[in-house]
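# A closer look at the structure
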Amino acid sequence: MTIERIHELFLESSGICTDTRKIKNDNIFFALKGENFDGNTYAQKAIKNGASYAIIDNEKFLVSDKYILVEDVLKTLQDLATYHRRYLNIPILALTGSNGKTTTKELINCVLSSKYNTTATEGNLNNHIGVPLTLLSMNKDTEIGIVEMGANHKKEIEFLCNIAYPDFGYITNIGKAHIEGFGSLEGVLIGKTELYRHIKKHNKLIFLNKEDHKLSKAAEGIESFTFSQNLKSDANIQLQEANPMVSVHYKNNVINSHLIGSYNFTNIAAAIAIGHYFKISPEQIKASIESYIPTNNRSQIIKKNNLTIILDAYNANPSSMSAAIDNFKQLEYTRKIVFLGDMFELGDTAGEEHQKITNELTKTSFDKIYLIGENFFSTITEDDRIQKYESFQDLKDHESLTEISGAVLIKGSRGMKLERILDLI
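Residues numbered from 1 in each chain as written. Predicted model: local features only at pLDDT ≥ 70, side-chain atom pairs only at ≥ 80, totals over all residues. Heavy atoms only, no water.

Let us now look at the sheet that holds strand β12 (residues 224-228). Ordered in space as β8-β9-β7-β10-β11-β12-β13, the seven strands form an open sheet in which the pairing is parallel. The sheet is open, and its two edges are formed by β8 (118-120) and β13 (235-236), each paired on a single side. The pairing of β8 with strand β9 (residues 144-148) spans three bridges and is parallel. In the sheet register, Thr-118 faces β9, and the bridge partner there is Ile-144. Packing against the sheet, helix α4 (residues 101-112) makes contact with β7 (92-96), β8, β9 and β10 (168-171), and its axis sits at approximately 170° to β9. (Pairing = 2+ DSSP bridges. Helix = DSSP H or I, 4+ residues; strand = E, 2+ residues; numbered from the N terminus. Contact = heavy atoms within 4.5 Å. Axes fitted to C-alpha atoms, helices over the stretch in contact; angles between N-to-C directions.)

Following this line, the structure appears as structure tokens:
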């Protein structure tokens, strides 16, 4: 069956589903494969649960005209997404970067949705499956699509661009994330700027933080809309303060966000600049930014007992970890306690990068520091403020945290699940 015909069936359906537990009537089920499952084996269940069709790639499951046999289910999903994107012919804004992608995407969506009907990536569904699903969630009412793109190796962003064909691109930053896959910081730069090269090849436009020298150099020769605090740019946006919430100044408006940390300034500034480009009023931009409240363990401030807790346990890499430590140093609390968990996907650099963070902590005035995870446990320090635990369970078994007071920073990679510390304090 051709993609054109599958697209016709898709338009008549109630949407795409890849999980039989979430099937809705008249969904089209795509029988994707994973490391530990074969979606073909669930096709019959999908039809039984109400799916109108099941897309499969194993002939032995072809038992009625409700089953559509293709060569490769995943490639069909991706091809259908590209076909649908061209069918809708709407502006697509793609964003990637080492840190802050999801927060920036949410802020941009808040701003743009104040004037336009937008569809944006849900959560962090930003990979070779999530990007197609995002595109296929757009419909004839969507005026602007916002697509987050994640990557942990070279050529991945290029691949995603060739599915989404973005009209606009934004890279948050280049940092020490996914070094294991990219090989080096230079590899991260090459991988992430695949978005720039796609935009340039198709004569489209990027949004650029002009004060990011690496990205400014990489953006040479590409049509851009720029923002900055101190350099001549298309949108001038000033950081007012970050103690702890970030406030910015833009066109005679002070915008008071619910985001902590000066590192969130550029995320906010990007959303403001993009709103400016799409002709949203300064007042509406202010209202939109101020309405955004972070969730899902990202830069959340939680009040518990006599504690002010900064929960930033969704993800971590050396760049974001250093930024969080630096920001916490500047906050005006009399007593500060830190819980840091291992940073993943650093490959051969893991030992070195965890040691650098440990060394950085010894130069702070934090009252107590807890380091959790195998990599942090292997670091060397003589600082008696630092307590190291090989796992969360070790911390739980050996520390009584119910009496601590002051401000608390919790940060670590997603796999560490450090939000569990909230149950201990």
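With that settled, the discussion passes to the pairing of β12. Taken across its five residues, β12 has four buried, putting it largely inside the fold. Direction of pairing for strand β11 (residues 205-209) relative to β12: parallel, over a ladder of four bridges. Following the sheet pairing, Ile-206 is matched in β12 by Ser-224. Crossover connection from β11 via helix α10 (residues 213-218) to parallel β12: handedness right-handed. (Buried < 20%, exposed > 50% of the residue type's maximum accessible area, 1.4 Å probe, protein only. Right-handed = clockwise from strand over helix to strand, strands pointing away.)

Where helix α13 (residues 318-330) meets helix α14 (residues 350-362), the closest approach of the two axes is 11 Å, and the angle between their N-to-C directions is 5°. As the angle between them shows, α13 and α14 are arranged roughly parallel. Within the contact between the two elements, α13 uses Pro-318, Met-321, Ser-322 and Ile-325 and α14 uses Glu-353, Ile-357, Glu-360 and Leu-361. Of the residues in the contact of α13 with α14, the class split is five nonpolar, one polar and two charged. (Parallel < 35°, antiparallel > 145°, perpendicular 65-115°, else oblique. Nonpolar A, V, L, I, M, F, W, Y, C, P; charged D, E, K, R; others polar.)

With that out of the way, let us pick up the packing of aromatic side chains. For the structure shown, the criterion picks out 11 aromatic pairs. Measuring from ring centre to ring centre gives 5.3 Å for Phe-207 and Tyr-277, while their planes differ by 80°; the resulting arrangement is edge-to-face. Residue Phe-207 is located in strand β11, and its partner Tyr-277 is located in helix α11 (residues 265-277); the two are separated by 70 residues in the primary sequence. Grouped by ring-pair contacts, the aromatic residues Tyr-116, Phe-168, Phe-207, Phe-225, Tyr-277 and Phe-278 constitute a single cluster. The ring of Phe-328 has Lys-336 lying over it, and the distance from NZ or CZ to the ring centre is 5.7 Å. Across the ring face of Phe-392, the terminal group of Arg-420 is positioned such that the distance to the ring centre comes to 4.0 Å. (Phe/Tyr/Trp six-rings, centres within 6.5 Å; stacked < 30°, edge-to-face > 60°. Lys NZ or Arg CZ within 6 Å of the ring centre and 35° of its normal.)

A few words on the UniProt feature "binding site: ATP" (unreviewed entry) in the protein chain. The UniProt entry lists Gly-97, Ser-98, Asn-99, Gly-100, Lys-101, Thr-102 and Thr-103 under the feature "binding site: ATP" (unreviewed entry), expressed in the numbering used here. With a relative accessible area of 9%, Ser-98 lands in the buried category. Excluding residues that lie within four positions of it along the chain, Ser-98 makes contacts with Thr-172, Asn-173, Ile-174, Gly-175, Ala-177, Val-188, Lys-192 and Asn-317. Positionally, Thr-102 belongs in helix α4. The exposure class assigned to Thr-102 is buried, which follows from its relative accessible area of 9%. (UniProt positions renumbered as here; feature names shortened; annotations may be inferred.)

Right, let's talk about the environment of Asp-234 for a bit. If you trace the backbone, Asp-234 turns up in the loop between β12 and β13. Taking the C-alpha atoms as reference points, Asp-234 and Leu-88, 146 residues apart in sequence, are found 30 Å from one another. Setting aside residues up to four positions removed in sequence, Asp-234 forms contacts with Ser-224, Phe-225, Thr-226 and His-276. Separated by 2.8 Å, the side chain of Asp-234 and the backbone nitrogen of Thr-226 make a polar contact. (Polar contact = N/O pair within 3.5 Å; in protein donor to acceptor, adjacent residues only side chain to side chain.)

This part takes up unusual backbone geometry. The phi angle at Asn-252 is positive, at roughly 65°, despite the residue not being glycine. One can find Asn-252 in the loop between β15 (245-250) and β16 (253-260). Given a relative accessible area of 75%, Asn-252 falls into the exposed group. Positive phi values are uncommon outside glycine, yet Lys-417 reaches one of about 50°.

On to helix α3 (residues 73-88), then. For α3, spanning 16 residues, the distance from its first C-alpha to its last is 22 Å, which sits close to the expected 22 Å at 1.5 Å a residue. Taken as a whole, α3 has its buried residues at Val-73, Thr-76, Leu-77, Gln-78, Leu-80, Ala-81, Thr-82, His-84, Arg-85 and Leu-88. Sitting at the amino-terminal end of α3 is Asp-72, which places a side-chain oxygen 2.9 Å from the backbone nitrogen of Leu-74. (Expected span 1.5 Å × (residues − 1).)

This paragraph deals with the UniProt feature "domain: Mur ligase N-terminal catalytic" (unreviewed entry) in the protein chain. This chain's UniProt record puts "domain: Mur ligase N-terminal catalytic" (unreviewed entry) on residues 14-60. The straight-line gap between the two end C-alpha atoms of residues 14-60 is 27 Å; of that span, 13% is helix and 28% is strand.

This part covers the pairing of strand β18 (residues 307-312). Within β18, six of the six residues are buried, which leaves the element mostly enclosed by the surrounding structure. By the alternation rule, side chains of β18 split into Leu-307, Ile-309 and Leu-311 and Thr-308, Ile-310 and Asp-312, which are all buried. Direction of pairing for strand β17 (residues 300-304) relative to β18: antiparallel, over a ladder of five bridges. When the bridges of β18 are listed, Gln-300 appears paired with Leu-311.

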